[in-house]
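Each chain, written out:
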Amino acid sequence: MRIQEALWVGGRFLKEREIPSWKLDARVLLSAVTSLDRTGLVLKGDLSLEAEQQEHYHKLLERRAAGEPAAYLIGHKEFMGLDFKVTPAVLIPRPDTELMVEMALACLKESQERLPVVVDVGTGSGAVAVSLAYLLPELRVHAVDLSEQALAVARENALRHGVEKRVSFYAGNLLDPVDEKLQQNIHLITANLPYIPTTDIPGLMADVRNFEPHLALDGGVDGLELYRRLLPKASKYLAPGGHLLMEIGPGQGQEAINILPLKYWVAEIYRDLAHRERLVVARKL
Ligand SMILES: C[S@@+](CC[C@H](N)C(=O)[O-])C[C@H]1O[C@@H](n2cnc3c(N)ncnc32)[C@H](O)[C@@H]1O
C-alpha cells in the first residue's frame, strides 16, 4: 500500500468508528510508523509501505479505534512548541494549559524578579515546569506530584529539554515536600491540579475516562477540593506580591475565587481561545 492510500484508508477506518479527530490521528500514526513528518508524507505519498510498517499501522489504528489516545500510542505530545514524552502515567498536556504558561510568563515579567523561583504543583509530564524553565533561563522550578511514575516521565522531559539542573522534582502531596526555607520566597505557584467533579468522571469522553490516570482528573465533590487544600500552604510559601495560578474548568471561576480570602488576595478569571473559563490568576497582597 502507498503512503497516500494508507492515509486515506486509515482516516476512513477511524471515521467509520466515530473518532472525531480521524484525519489528524491517521496522519499522526502514519508519521510515527514511517518517521516522516507531515510534509514528508505528502512528498513521499507515492512510496510503498513495507509489510512491517503496514502491520504496525494497522495495529495502531485498531488501538486508536478502541479509544486509546494517539499521544499514548506514539509516546509524545507537543506543548508550547516543545516535544514532551507521555505515557499512560501522565495526563496528556492540553493546548488549553498553554494559557497558564503564558500568564506565568506575564506574572514573572511584571514582578521583575531577577532570579525567580516557581513551584509547579501536580506537574504530571512536567509540561508547565519544563516549558517555563526552557523559556526563562534564570528560572528555578520545584515540581511536585503524588505519582512517582509521572515524576519519572517529567524528569525525562527536563533532560530532553536541557533544564534538568534548574528543575527539582519531589514526590508528595501538594506543597508538603517543598523545603520550609522557601516559605515567603516563592514568586509563583502554578497548579493544574485535578478539577473535574467526581460525579462528572463517568460522563467524560471514553478516551479520557478509560485511558488517562484518574489521579490526574478527579477533583472531589465540586472539583475544587485540591485547590482548597492547597491554599493555606500556598499563602505561606508565596512572597508578598507573588502569584498563584490555578487551572479550572468552565463555570468554576467564581467558586475558585471564593476560596481565596479577599483580604489577602486579588484574583481574576481568564478564558481560553474557545472563550471558556480556564484559569484563575491570584496575587497575594
Ligand atoms: C491535571 S494533571 C496536570 C498535569 C500537568 N501539570 C499538565 O498540565 O499537563 C494533575 C496532576 O496532579 C497530580 N496530583 C493529583 N493529586 C495531587 C496531590 N494531592 N499532590 C500533588 N500532585 C497531585 C496528578 O498525579 C497529575 O499528575
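Residues numbered from 1 in each chain as written. Predicted model: local features only at pLDDT ≥ 70, side-chain atom pairs only at ≥ 80, totals over all residues. Heavy atoms only, no water.

### Regarding the overall build of the protein chain
The following threshold applies: Helix numbers and strand numbers start at the N terminus; a helix is a DSSP run of H or I with at least 4 residues, a strand a run of E with at least 2. Throughout, radius of gyration means the C-alpha value; the globule benchmark is 2.2 Å times the number of residues raised to the power 0.38. Working definition: with a 1.4 Å probe on protein chains only, accessible area under 20% of the residue-type maximum means buried, over 50% means exposed, and in between means partly exposed. Residues are treated as being in contact if the distance between any of their heavy atoms lies within 4.5 Å. For the area figures, the Shrake-Rupley method with a 1.4 Å probe applies, and any residue is considered shielded solely by the protein chains shown. All tallies of charge rest on Lys and Arg as positive and Asp and Glu as negative; His and the ends of each chain are not included. By convention, the point assigned to a charge is CZ for Arg, NZ for Lys, CD for Glu and CG for Asp.
Helices and strands together make up the secondary structure of the protein chain, namely eleven helices and nine strands. Expected size for 285 residues packed as a compact globule is a radius of gyration near 19 Å; at 21 Å, the protein chain falls within 12% of this value. Viewed in the frame of its principal axes, the protein chain has a C-alpha envelope of about 65 × 40 × 30 Å. Residues counted as buried form 49% of the 285 residues belonging to the protein chain. Expressed as a percentage of contacts within the protein chain between residues at least 6 apart in sequence, the contacts between residues at least 24 apart total 67%. Counting every atom, the protein chain has about 14,200 Å² of accessible surface; 53% of that belongs to carbon and sulfur. Both charge centroids of the protein chain, one from 33 positive and one from 38 negative side chains, sit 2 Å from each other.

### Comments concerning the site of the ligand
What counts here: Any residue with a heavy atom positioned within 4 Å of a molecule or strand is treated as near that molecule or strand. Throughout, the ten residues Ala, Val, Leu, Ile, Met, Phe, Trp, Tyr, Cys and Pro are labelled nonpolar, Asp, Glu, Lys and Arg are labelled charged, and all others, Gly among them, are labelled polar.
The local shell around the ligand holds 17 residues, among which Gly122, Asp145, Asn173, Leu174 and Asn192 are the closest. Expressed as a share of its isolated accessible area of 600 Å², the protein-covered part of the ligand is 97%. Grouping the constituent residues of the shell around the ligand by class yields nine nonpolar, seven polar and one charged.

### Some words on the UniProt feature "domain: Methyltransferase" (unreviewed entry) in the protein chain
The cut-off we apply is this: UniProt positions are given in the numbering used here, feature names are shortened, and annotations may be inferred rather than shown by experiment.
Sequence positions flagged by UniProt for "domain: Methyltransferase" (unreviewed entry) are, in local numbering, residues 117-247. Taken as a whole, residues 117-247 contains 31% helix and 24% strand, while its terminal C-alpha atoms sit 19 Å from one another.

### Observations concerning the packing of helix 1 (residues 3-16) against helix 2 (residues 22-34)
Selection rule: Each axis is a line fitted through C-alpha atoms, taken for helices only over the stretch in contact, and angles between the N-to-C directions span 0 to 180 degrees. Working definition: roughly parallel below 35 degrees, roughly antiparallel above 145 degrees, roughly perpendicular at 65 to 115 degrees, and oblique for all remaining angles. Left-handed is the label given to a crossing in which the near helix is rotated counterclockwise from the far helix by less than a right angle, and right-handed is the label when the rotation is clockwise.
Closest axis-to-axis distance for the helix 1/helix 2 pair is 8 Å, and the angle between their directions is 135 degrees. Accordingly, the angle class assigned to the pair helix 1 and helix 2 is oblique. Seen from above, helix 1 lies across helix 2 with right-handed handedness. Of helix 2, the residues touching helix 1 (which contributes Ile3, Ala6, Leu7, Gly10, Gly11, Leu14 and Lys15) are Trp22, Asp25, Ala26, Arg27, Leu30 and Thr34.

### Here we look at the sheet that holds strand 5 (residues 167-171)
Just so we agree on the cut-off: Any two strands with at least two DSSP bridges between them are considered paired.
On the basis of which strands lie adjacent, the open sheet formed by seven strands has the order 5-4-3-6-7-9-8 and mixed pairing. Pairing within the sheet leaves two strands with one partner each, and these edge strands are strand 5 and strand 8 (265-271). Across the sheet, the mean angle separating the axes of adjacent strands is 15 degrees when strand polarity is ignored. Pairing of strand 6 (residues 186-191) with strand 7 (residues 238-247) involves five bridges; the strand directions are parallel. Each bridged residue has a counterpart across the sheet, and for isoleucine 189 the counterpart in strand 7 is leucine 244. Taken strand by strand, helix 6 (residues 98-111) contacts strand 3 (117-121), strand 6, strand 7, strand 8 and strand 9 (277-284), and its axis lies near 170 degrees from that of strand 7.

### Some details on the pattern of salt bridges
Side-chain pairing between opposite charges can occur once the charged atoms of the two side chains come close. Quick reminder of the rule: One speaks of a salt bridge when a side-chain nitrogen belonging to Lys or Arg is within 4 Å of a carboxyl oxygen belonging to Asp or Glu.
The final tally for this structure, using the stated rule, is 17 salt bridges. Put simply, glutamate 68 and arginine 63 hold a salt bridge, and the shortest N to O gap is 2.7 Å. Judged by its relative accessible area of 40%, arginine 63 is partly exposed. Between aspartate 96 and arginine 276 there is a salt bridge, and its shortest N-O distance comes to 3.7 Å. With aspartate 96 in the loop between strand 2 (82-85) and helix 6 and arginine 276 in the loop between strand 8 and strand 9, the pair connects residues that are 180 residues apart, well separated along the chain. Aspartate 96 gets classed as partly exposed once you look at its relative accessible area, which sits at 25%. Members of the salt-bridge network, linked through shared partners, are Asp96, Asp272, Arg276 and Arg278.

### A few points about the nonpolar core
We apply this condition: The nonpolar core is taken to be a set of buried Ala, Val, Leu, Ile, Met, Phe, Trp, Tyr and Cys residues, with the residues joined through side-chain atoms within 4.5 Å.
By size, the foremost hydrophobic cluster in this structure holds 31 residues, and its most contacted members are Val121, Leu175, Ile189, Tyr227, Leu230 and Leu244. Of all elements in the fold, only strand 3, strand 6, helix 10 (225-237), strand 7, helix 11 (253-259) and strand 9 reach the threshold of two or more residues within this core. No other element matches the six residues that helix 10 contributes to this core. Look past the residues within four positions of leucine 244 in its chain and what remains in contact with it is Ile189, Leu230, Leu231, Ala234, Leu238, Leu260, Trp265, Val280, Val281 and Ala282. Of all hydrophobic cores here, the second largest spans 30 residues; its members include Phe169, Leu188, Leu245 and Val281.

### A closer look at the pairing of strand 2
On strand 2, burial follows the alternation: Leu82 and Phe84 on one face are buried, whereas Asp83 and Lys85 on the facing-out side are not. In this sheet, strand 2 lies alongside strand 1 (residues 76-79) in antiparallel orientation, the contact comprising four bridges. The residue of strand 2 that forms the bridge with lysine 77 is phenylalanine 84.

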